[in-house]
Amino acid sequence: MGLFEDFSRFLETRLEEFLKNNPHLELQALEEQLREQEEETLRLITSFRIREKQLKDSILETAQDVQRWHIRIQKAETAKRFDLVTPAKERETQLLRQGNQLWGQMKGVQDRLQKTIELQQQIQTRRKEVKVKIAQAEATRRANQSQQTASPPGWDSTASSYGKFSSTPSRADLDPLEASFQRWETEEELENMKREMGK
């Protein structure tokens, strides 16, 4: 269950902290990680359900065997076939023990199934949150691009009057460097997150 516990902790703390600190992040990579995790949990859910069904069938079969041997014991006792009673009781005891083991296994599988379903729901919720943030980041990026391409009022006349200053870098000219550093820092953080998730 290490995967579930580690990833649950990551979902609860690391992801929220990361998203808060990196609103400009290229979130598609993170959304892809969550999609892969969700697919993995869905595969596990299917696997646990199949195992649960197998164990239920085995428990039912064992219960029927116990019942059959219980009837045989009663018959042997009534017929005073004590040579058969003792081994039949041993068989019944063995089957009861087997049934208890199967029951314990089934309860363990059901517990893991429930935890996996809860994890899958958490991942699904986080994926939705990340998709919303992707849309917000995209809208912000578009808005910033629009602002950078739009010239402030009177800019053209000022630029023509002071042509020798037109080559001076403006804030808009400095933004690509800022964006490059932000991308680089974000990629480093994303790599750290991937390593965390891979543990």
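Owing to the predicted nature of the structure, the values given are computational and were not obtained by experimental measurement.

Q: Teacher, can you tell me more about the pattern of salt bridges here?
A: Here the idea is simple: oppositely charged side chains can pair when their charged atoms come close. Under the counting rule described, the total for this entry stands at 12 salt bridges. The residue lysine 56 makes a salt bridge to glutamate 52 at a minimum N-O spacing of 3.7 Å. Of this pair, lysine 56 and glutamate 52 are both found in helix H2 (residues 28-78), 4 residues apart, which corresponds to roughly one turn of the helix. Aspartate 65 is paired through a salt bridge with arginine 68; the nearest N and O atoms lie 3.0 Å apart.

Q: What am I meant to see in the confidence of the model for the chain here?
A: Interpretation of the predicted coordinates at a detailed level should be avoided for regions scoring low in pLDDT. For the chain, per-residue confidence averages 79 on the pLDDT scale, and residues scoring 70 or more make up 68% of the total. Across the chain, the element-wise mean pLDDT spans from 44 in helix H4 (residues 155-161) up to 94 in H2. Note on residues 155-173: pLDDT under 50 across the span, and 2 contacts to partners over four residues away in sequence or across chains.

Q: What am I meant to see in unusual backbone geometry here?
A: Glycine aside, negative phi is the norm for most residues, and most peptide bonds take the trans geometry. Of note, lysine 80 is a non-glycine position whose phi angle comes to about 55°, a positive value. If you trace the backbone, lysine 80 turns up in the loop between H2 and helix H3 (82-149). Judged by its relative accessible area of 61%, lysine 80 is exposed.

Conventions used here
Residues numbered from 1 in each chain as written. Predicted model: local features only at pLDDT ≥ 70, side-chain atom pairs only at ≥ 80, totals over all residues. Heavy atoms only, no water. Salt bridge = Lys/Arg side-chain N within 4 Å of Asp/Glu carboxyl O. Helix = DSSP H or I, 4+ residues; strand = E, 2+ residues; numbered from the N terminus. pLDDT = per-residue confidence, 0-100. Contact = heavy atoms within 4.5 Å. Buried < 20%, exposed > 50% of the residue type's maximum accessible area, 1.4 Å probe, protein only.

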